[in-house]
Amino acid sequence: MPKNYAVIDIGTLKVKFLIASLSTAGGFKQVYFSNELTCFGVGLDENQGNIQEKYLKETIKELLRCKQILKDYQVSRLRVVSTHALRRAKNRQEILETIIKETGFEAENISQEEEANLFFKGVISGFDNDKDYAIVDMGGGSVQILVGNRRELKKAHLMQTGAQYLHDNFTSNPHSLESFTREEDLEKMRGYILEQLLPLKGIGDLPLVYGSSNIIDMMKFIGIPLEENPGSQTHPYRTYARHLEQFMKEMLPLNYRQREEKFPFQRGYMWGIDKAFLNIVTMAEYFPSSYIIPSNANLAWGLIYTLAE
């Protein structure tokens, strides 16, 4: 009988909780998954680089819920990690001590290099060929672009262009439900993303893999056209930059309250979706990439493979 492994990933915006098993042939089976918005790293810059108390409380509340869920499953190994927001936080040690005191979880603040390798491993294992891909780990604070194939990770490039970072730093009154993202805001963001992409000039026309925990479900929910992607059962769809750009245009006249009402996919998701899509569209034009492969694979998938080894 396959063993169950568990990962809790404390991200800038959400706590991702995955329980999964691996078959002897390496097949991945999701047993339980949740992806809860806690805003852990929101407003980091406006709070002098410190995690805010109210968001830490929300995160601890979710960690305690995860702890209760774990009691219902036989888990062989567990790993609790945090990434970009905690790496940036000036009160990092205090946060780690509070988490262990309140939850009993010894959270690891993993390095950028380990995060890149784990995410790449989780995504690339789902392809049936040895071609190169440009794999994008879309986070709330940072974005990692990983170029390589099933044999090797050739290049890793980190950008501070995550959806929450762009929202906090390039829009006016970012915490108000009645605020908008303006066309001029998006253009400033686009210029900033292009500056961050300069070291990747000339990587060629590679398929662009858009990795985020529930991106396929979200694209289906908002009506992004998807077509079959041959060569991968794990990543079964592809789409095109023009479809993401069209959705961004449809969102532009709506304030954040109206976005949530029109597309009630997950609380808070629509506040930053245009910034996430802007990253992908800008990359697709810059490399260029002929098509985009949405993938629900994430850092936790790579951690599951590591726990099972």
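Going by the structure above, here's the rest.
Bear in mind the structure is a predicted one, so any value in this text is a computation, not a measurement. (Residues numbered from 1 in each chain as written. Predicted model: local features only at pLDDT ≥ 70, side-chain atom pairs only at ≥ 80, totals over all residues. Heavy atoms only, no water.)

Caption draft 1: Looking closely at the nonpolar core. Ranked by size, the top nonpolar core spans 47 residues in total, and within it Tyr210, Phe277 and Phe287 carry the most contacts. Of all the elements in the fold, those that place two or more residues in this core are strand E6 (133-138), strand E7 (143-148), helix H5 (163-170), helix H6 (183-197), strand E9 (208-211), helix H7 (215-222), helix H8 (241-251) and helix H10 (269-286). Excluding residues within four positions of it along the chain, Tyr210 makes contact with Val136, Met138, Ile215, Met219, Ile273, Ala276, Phe277, Ile280, Ile292, Ile293, Pro294 and Ser295. In terms of nonpolar packing, the next biggest core, distinct from the first, is built from 29 residues, Tyr5, Ala20, Phe119 and Phe120 among them. (Core = buried A, V, L, I, M, F, W, Y, C linked by side-chain atoms within 4.5 Å. Buried < 20%, exposed > 50% of the residue type's maximum accessible area, 1.4 Å probe, protein only. Helix = DSSP H or I, 4+ residues; strand = E, 2+ residues; numbered from the N terminus. Contact = heavy atoms within 4.5 Å.)

Caption draft 2: Region of the structure containing empty space enclosed by the protein. All chains considered together, the criterion is met by one cavity of 30 Å³ or more. Empty space within the largest cavity amounts to approximately 90 Å³. In this structure, the largest cavity is lined by 13 residues; those nearest its centre are Thr12, Gly41, Leu44, Arg88 and Tyr165. Among the residues forming the lining of the largest cavity, the class breakdown is three nonpolar, seven polar and three charged. (1 Å grid on protein atoms, 1.4 Å probe; cavity = no way out; pocket = protein on both sides within 12 Å on 5 of 7 lines; lining within 4 Å. Points joined across faces, edges and corners; volume = space filled by probe spheres on them. Nonpolar A, V, L, I, M, F, W, Y, C, P; charged D, E, K, R; others polar.)

Caption draft 3: Local environment of unusual backbone geometry. Looking along the chain, the bond that leaves Phe287 and enters Pro288 is cis, with omega of -10°. You will see that Cys39, though not glycine, has its phi angle at about 60°, which is positive. Classification of Cys39 by relative accessible area gives buried; the value is 19%. For Gln48, which is not glycine, the phi torsion reads 55° and is therefore positive. Examined against the element boundaries, Gln48 turns out to sit in the loop between strand E3 (28-37) and helix H1 (53-70).

Caption draft 4: Molecular detail of the sheet that holds E3. Within the open sheet, the five strands sit side by side as E3-E2-E1-E4-E5. Their pairing is mixed. This sheet does not close on itself; its edge strands, each paired only once, are E3 and strand E5 (108-109). Bridge analysis of strand E1 (residues 4-10) against strand E2 (residues 14-22) gives seven bridges, and the strand direction is antiparallel. Bridge pairing links Ala6 to Ile19 in E2. Across the sheet, H1 lies against E1, E2, E3 and strand E4 (75-82), angled at about 20° from E2, the strand it touches most. (Pairing = 2+ DSSP bridges. Axes fitted to C-alpha atoms, helices over the stretch in contact; angles between N-to-C directions.)

Caption draft 5: The arrangement of the packing of H5 against H6 in detail. The interhelical angle for the contact between H5 and H6, taken along N-to-C directions, is 125°, at an axis separation of 11 Å. In terms of orientation, H5 lies oblique with respect to H6. Our pair here, H5 against H6, has a crossing hand that is right-handed. Residue-level contacts link Tyr165, Leu166 and Phe170 of H5 to Asp185, Lys188, Met189, Tyr192 and Ile193 of H6. Residues belonging to the contact of H5 with H6 are distributed by class as follows: six nonpolar, no polar and two charged. (Parallel < 35°, antiparallel > 145°, perpendicular 65-115°, else oblique. Left-handed = near helix turned anticlockwise from the far one by under 90°.)

Caption draft 6: Spotlight on the layout of surface pockets. Approximately 790 Å³ is the volume found for the largest pocket. For the largest pocket, the lining is made up of 45 residues, of which Leu13, Lys14, Leu37, Gly140 and Gln164 are closest to its centre. If you list the elements that add at least two residues to the lining of the largest pocket, you get E2, E3, helix H4 (112-124), E6, E7, H5, E9 and H10. With five residues, the top contributor of residues to the lining of the largest pocket is H10. Tallied by class, residues from the lining of the largest pocket come to 17 nonpolar, 20 polar and eight charged.

Caption draft 7: The sheet that holds E6, seen in detail. The sheet built from five strands is open, its strands ordered E8-E7-E6-E9-E12 with mixed pairing. Looking at the sheet topology across the chains shown, the edges are occupied by strand E8 (153-159) and strand E12 (292-295). Direction aside, the axes of adjacent strands within the sheet are offset by 20° on average. Looking at chain direction, E6 and E9 are connected through four bridges and run parallel. Of the residues in E9, the one forming a bridge with Asp137 is Gly211. Relative to E9, H10 is tilted by about 165°, and along the sheet it contacts E6, E7, E8, E9 and E12.

Caption draft 8: The packing of aromatic side chains, seen in detail. Evaluation of the coordinates by the stated rule reveals twelve aromatic pairs. Judged by centre distance (6.1 Å) and plane angle (50°), the rings of Tyr32 and Tyr73 are tilted. Here Tyr32 is found in strand E3, whereas its partner Tyr73 is found in the loop between H1 and E4, with 41 residues between them in sequence. Using a relative accessible area of 18% as the deciding quantity, one classes Tyr32 as buried. Each ring, one from Tyr286 and one from Phe287, has its centre 6.2 Å from the other, and the planes form 65°; the classification is edge-to-face. A single burial state applies to Tyr286 and to Phe287, both of which are buried. Taken together, the ring pairs connect Tyr210, Phe247, Phe263 and Phe277 into an aromatic cluster. One residue, Lys201, lies across the ring of Tyr286, its end atom 5.1 Å from the ring centre. Here the guanidinium or amino end of Arg238 rests over the ring plane of Tyr291, the centre of that ring lying 3.7 Å away. (Phe/Tyr/Trp six-rings, centres within 6.5 Å; stacked < 30°, edge-to-face > 60°. Lys NZ or Arg CZ within 6 Å of the ring centre and 35° of its normal.)

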